[in-house]
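Summary of structural features
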Amino acid sequence: VIDIDKSSRLPGFYKLSLDERIEMVAAWANLTAEDKAILHGRTLSSTQADKMIENALGTFALPLGIAANFLINGRDYLIPMAIEEPSVLAAVSHAAKLIREGGGFTAESSDPVMIGQIQLLDIPDMNAAMTAVAANEQELMDAANECSQNIVKRGGGARDIEIRPFPDTPVGPMLIIHLLYDCQDAMGANAINTAVESITPLVTELTGGRANLRILSNLTDRRTATARCTIPAAALALRTTYTGQEVAQLIAEANAFAVVDPYRAATHNKGIMNGIDAVCIATGNDWRAVEAGAHAYAARYGRYQSLTDWHVDENGDLYGEITLPLSVGVVGGATKVHPTAQVALKILNVGTAAELAQVIACVGLAQNLAAIKAMATVGIQQGHMRMHARQVALAAGASDGQVQTIADQLVKEQNIRVERAKELLSVIGNR
Ligand code: MEV
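Described in the following lines is the structure provided in the data block. Bear in mind the structure is a predicted one, so any value in this text is a computation, not a measurement.

1. Remarks on the site of the ligand
Neighbouring residues of the ligand: E85, R264, T267, H268, K270, G271, N274, A371, M375 and I380. Take E85: an N or O atom from its side chain is 2.6 Å from an oxygen atom of the ligand. One of the side-chain nitrogen or oxygen atoms of K270 is found 2.7 Å away from an oxygen atom of the ligand. Taking 300 Å² as the accessible area of the ligand by itself, protein coverage stands at 83%. Sorting the residues of the shell around the ligand by element identifies α10 (262-282) and α14 (353-376) as the ones contributing at least two each.

2. What about helix α8 (residues 189-207)?
Helix length check: α8, at 19 residues, gives a terminal C-alpha distance of 26 Å against a target of 27 Å (1.5 Å per residue), a fit within 8%. Maximum bend of α8: about 40°, positioned at T200, with proline P201 one to four residues after it. Contacts from the buried residues of α8 go to β4 (113-121), α5 (126-135), α6 (137-146), α7 (149-153), β6 (174-182) and β7 (210-216). Following α8 by one or two positions, G208 has its phi on the positive side, about 70°.

3. Observations concerning the pairing of strand β10 (residues 318-325)
Summarising burial for β10: 7 of the 8 residues are buried, a large majority. For strand β8 (residues 224-231) and β10, the ladder comprises 8 bridges, and the chain directions are antiparallel. The residue of β10 that forms the bridge with T230 is Y319. The loop that links strand β9 (residues 308-312) with its antiparallel partner β10 comprises 5 residues; one of these, G316, has a positive phi angle of about 85°.

4. A few points about the pattern of salt bridges
Following the criterion strictly, the structure yields 16 salt bridges and no others. Across the pair D35 and K346 runs a salt bridge whose closest N-O atoms are separated by 2.6 Å. Highlighted residues: D35 in helix α2 (residues 33-39) and K346 in helix α13 (residues 339-348), separated in sequence by 311 residues. Residue K346 is classed as partly exposed on the basis of its relative accessible area, which comes to 35%. Note that R417 and E419 form a salt bridge whose closest N and O atoms lie 3.2 Å from each other. For R417, a relative accessible area of 41% puts it in the partly exposed group. Counted as one network, the salt bridges with shared partners bring together E108, R228 and E321.

5. Side note on the packing of aromatic side chains
On inspection of all chains with the given rule, the structure shows 1 aromatic pair. Ring geometry for F70 and F105: centres 5.3 Å apart, planes at 5°, overall stacked. Of this pair, F70 sits in strand β1 (residues 64-72) while F105 sits in the loop between α4 (88-100) and β3 (106-109); the two residues are 35 residues apart in sequence, bridging distant segments of the chain. Both residues of the pair, F70 and F105, belong to the buried class.

6. Thoughts on the pairing of β9
Examined bridge by bridge, β9 and β10 share 5 bridges and lie antiparallel to one another. Residue pairing for β10: D309 is matched across the bridge by E321.

7. Let's talk about a nonpolar patch on the surface
There is a patch of nonpolar side chains on the surface, built from F60, L62, I281 and W287 and spanning about 400 Å² of accessible area. When you line up the elements, F60 lands in the loop between α3 (46-52) and β1.

8. Side note on α5
Regarding α5, the residues found buried are M126, A129, A132 and V133. Projected down its long axis, α5 carries its buried residues within an arc of 130°, all on one side. Seen from the open side of α5, the exposed residues pointing more than 90 degrees away from its buried face are N127, T131 and A135. Along its buried surface, α5 packs onto α6, β5 (157-166), β6 and α8.

What counts, and where the lines are drawn
Residues numbered from 1 in each chain as written. Predicted model: local features only at pLDDT ≥ 70, side-chain atom pairs only at ≥ 80, totals over all residues. Heavy atoms only, no water. Near = heavy atom within 4 Å. Polar contact = N/O pair within 3.5 Å; in protein donor to acceptor, adjacent residues only side chain to side chain. Areas by Shrake-Rupley, 256 points an atom, 1.4 Å probe, with all protein chains shown as cover. Helix = DSSP H or I, 4+ residues; strand = E, 2+ residues; numbered from the N terminus. Expected span 1.5 Å × (residues − 1). Bend = angle between axes of the 7 residues up to and from the residue. Contact = heavy atoms within 4.5 Å. Buried < 20%, exposed > 50% of the residue type's maximum accessible area, 1.4 Å probe, protein only. Pairing = 2+ DSSP bridges. Salt bridge = Lys/Arg side-chain N within 4 Å of Asp/Glu carboxyl O. Phe/Tyr/Trp six-rings, centres within 6.5 Å; stacked < 30°, edge-to-face > 60°. Patch = residues over 30% accessible without salt bridge, like charges linked within 9 Å, V, L, I, M, F, W, Y side chains within 5 Å. Arc of directions from axis to C-beta.

In structure tokens, the structure reads:
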């Protein structure tokens, strides 16, 4: 069990060797020797992969890293993230550090309620069908609860029935029935799909219609998480260029761009998903489901827009907020079978799916802050330049211990070339 007083501030973590980082995180999160071996590469085997999908050839690896500095609802978290894109982990950790200065994130989530849909056609009398479903909501929910006793025993199960007529579609009138279903700590796709399939005979009997699709909706707008933060303006100041108030205002302007313009909103939200997907992948969650839900939710008012709000508050500080659907689980699916996902969940040490959703919302908000702060001030390329400089240093033959020093010097000189890296290396070598 993680000591909840432990800080996620890990100064100099990025300068450690990979082995040292594993040791540090292992000590932090009480990982076993087996967990460490998994981080060192003894992860998903081809045999396991062969049981997960059809026509398997093997596995596909991604970098796994740790984002530091997260303080959420008063507790420190180290965040495992699986992603191929440079700069995201550094960006997220940087933003979380700024947000810490304002007391960290506050986060909350709704109950883990999923929506299952039943599509009905050929209904003889639409009004009579709707009345019949409305009069039998409890029977329908009882029938849904019959089929998965386990979730019901754990406090989940059917919560409501919704009736949505579509009188005019390309194939004639259609009636859609929603089953709202609390999936507890599972992502819940299987549970909700089983539930809608099982109540369909009763629904067709009540409506006299013909059922076609019975499937969950990925627009899980009853299963959302919200993260908020306030950053003191002073913490945003950039030494020689901008005051904190100026940076706060630039960030608010950048957000407003994504509120009004879908072309910008797509990129803005893509950045948010850089953070969110990476945690979903690391924890074995279905990131496509989360992506689909996030983008559909971003268009909920009829125009696609930013998932975040950033504005300067009445004290002149920067306030940030994000709400999005997050159907993630901590039991079942790939969270259970993927060895690295198991270790990632151990590092996160979240008690429930709802807590995982809250953490993920915070990571999305942090990623967005880092991206728009960088773009609104120094420009996005500076961070990328640092990563590029590390790659150039490596290409010039720098050892693990030399890479950062050489890269820092290349950036300082704004001369990121292999020849210059080689010169610098020869100077170090001669010392
Ligand atoms: C790049 O992966 C993500 C950004 O484009 C996000 C953004 O523009 O907000 C930097």
